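Commentary on secondary and tertiary structure
One letter stands for each residue in the lines below.
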Amino acid sequence: MKREIIDASQLELTENVVAIKRVTKVVKGGRNMRFSALVVVGDSNGHVGAGMGKAAEIPEAIRKGKEDAMKKLITVRLDENNSITHDIQGKHTGASVLLKKSPEGTGIIAGGPARSVCELAGIKNIRTKSLGSNNKQNVVLATITALSQLKSPEEVARLRGKAVEEILG
């Protein structure tokens, strides 16, 4: 999987906090409470990323999560009706997410974590199904993995040494 570097400072990024968890570490003096935040950022125009942040206070955890997500931005290839170019399945640990191309007017049919990734990526028509684990962090990362593996018809044609019309049929 080839990753291209995207300059996050040039993009108008929106953030969406998917999950905030209170995590506890038991130490000699008692319990250490911290917060973990899962944040998805995107520009609704083909760029999306997800990150985790941990801190003693919630706003600080969210800020760290946003910074982490901005470092991990990916580019999503969309077709003419703001859907993905082809059906694909993404997997991360126990979570698996199936993304299906949809015609104009379908909208975003997706569960919570996958929906936030699709909305911030700029996808308007898609159907998704979360398979396996429903852990929010793993579902978000599985969705991002699937979106990063998408190929445009032009790329597929170039790889196979054919014309785009031959690929699309």
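Quick note: structure is the one above.
Residues numbered from 1 in each chain as written. Predicted model: local features only at pLDDT ≥ 70, side-chain atom pairs only at ≥ 80, totals over all residues. Heavy atoms only, no water.

Here we take up the overall build of the protein chain. Looking only at helices and strands, the protein chain has five helices and eight strands in total. Starting at the N terminus and ending at the C terminus, the protein chain contains elements arranged as β-β-β-α-β-β-β-β-α-β-α-α-α. Each principal axis of the C-alpha distribution contributes one length, and for the protein chain these read about 70 × 35 × 30 Å. The buried share of the protein chain, taken over its 169 residues, is 40%. Within the protein chain, contacts between residues separated by at least 24 positions form 57% of all contacts whose residues are at least 6 apart in sequence. Here the protein chain contributes 27 positively and 18 negatively charged side chains, and the mean placements of these two sets differ by 13 Å. (Helix = DSSP H or I, 4+ residues; strand = E, 2+ residues; numbered from the N terminus. Buried < 20%, exposed > 50% of the residue type's maximum accessible area, 1.4 Å probe, protein only. Contact = heavy atoms within 4.5 Å. Lys, Arg positive; Asp, Glu negative; His and termini not counted. Charge placed at Lys NZ, Arg CZ, Asp CG, Glu CD.)

Pairing is mixed across the open sheet formed by four strands, whose spatial order is 5-6-8-7. The two strands at the open ends of the sheet, each matched to only one other strand, are strand 5 (88–92) and strand 7 (108–109). Inspection of the sheet shows strand 6 (residues 95–101) paired to strand 8 (residues 126–132) by seven bridges, in the antiparallel sense. By the bridge assignment, leucine 99 is partnered in strand 8 with threonine 128. (Pairing = 2+ DSSP bridges.)

A separate point is the pairing of strand 2 (residues 30–42). As paired elements, strand 1 (residues 14–27) and strand 2 share 13 bridges and run antiparallel to each other. Across the sheet, residue lysine 25 finds its bridge partner in strand 2, namely asparagine 32. Taking the residues between adjacent antiparallel strands as the criterion, strand 1 and strand 2 are bridged by two residues. Of the pairings in the sheet, the one linking strand 2 to strand 3 (residues 47–55) comprises eight bridges and is antiparallel in character. What sits directly across from valine 39, in strand 3, is glycine 51.

In a regular helix each residue adds 1.5 Å, so 14 residues correspond to 20 Å; helix 1 (residues 58–71) covers 20 Å between its end C-alpha atoms and thus fits that length. Within the span of helix 1, buried status applies to Ala61, Ile62, Gly65, Asp68 and Ala69. The arc that holds every buried residue of helix 1, seen down its axis, measures 125°, which confines them to one face. Looking at helix 1, the residues exposed on the side facing more than 90 degrees away from the buried face are Pro59 and Lys71. Its buried side turned inward, helix 1 meets strand 1, strand 2 and strand 3. (Expected span 1.5 Å × (residues − 1). Arc of directions from axis to C-beta.)

A few words now on the pairing of strand 5. Pairing geometry for strand 5 and strand 6, over five bridges, is antiparallel. Across the sheet, residue glutamine 89 finds its bridge partner in strand 6, namely leucine 98. Following strand 5, the chain reverses through two residues before pairing antiparallel with strand 6; threonine 93 in that reversal takes a positive phi of roughly 45°.

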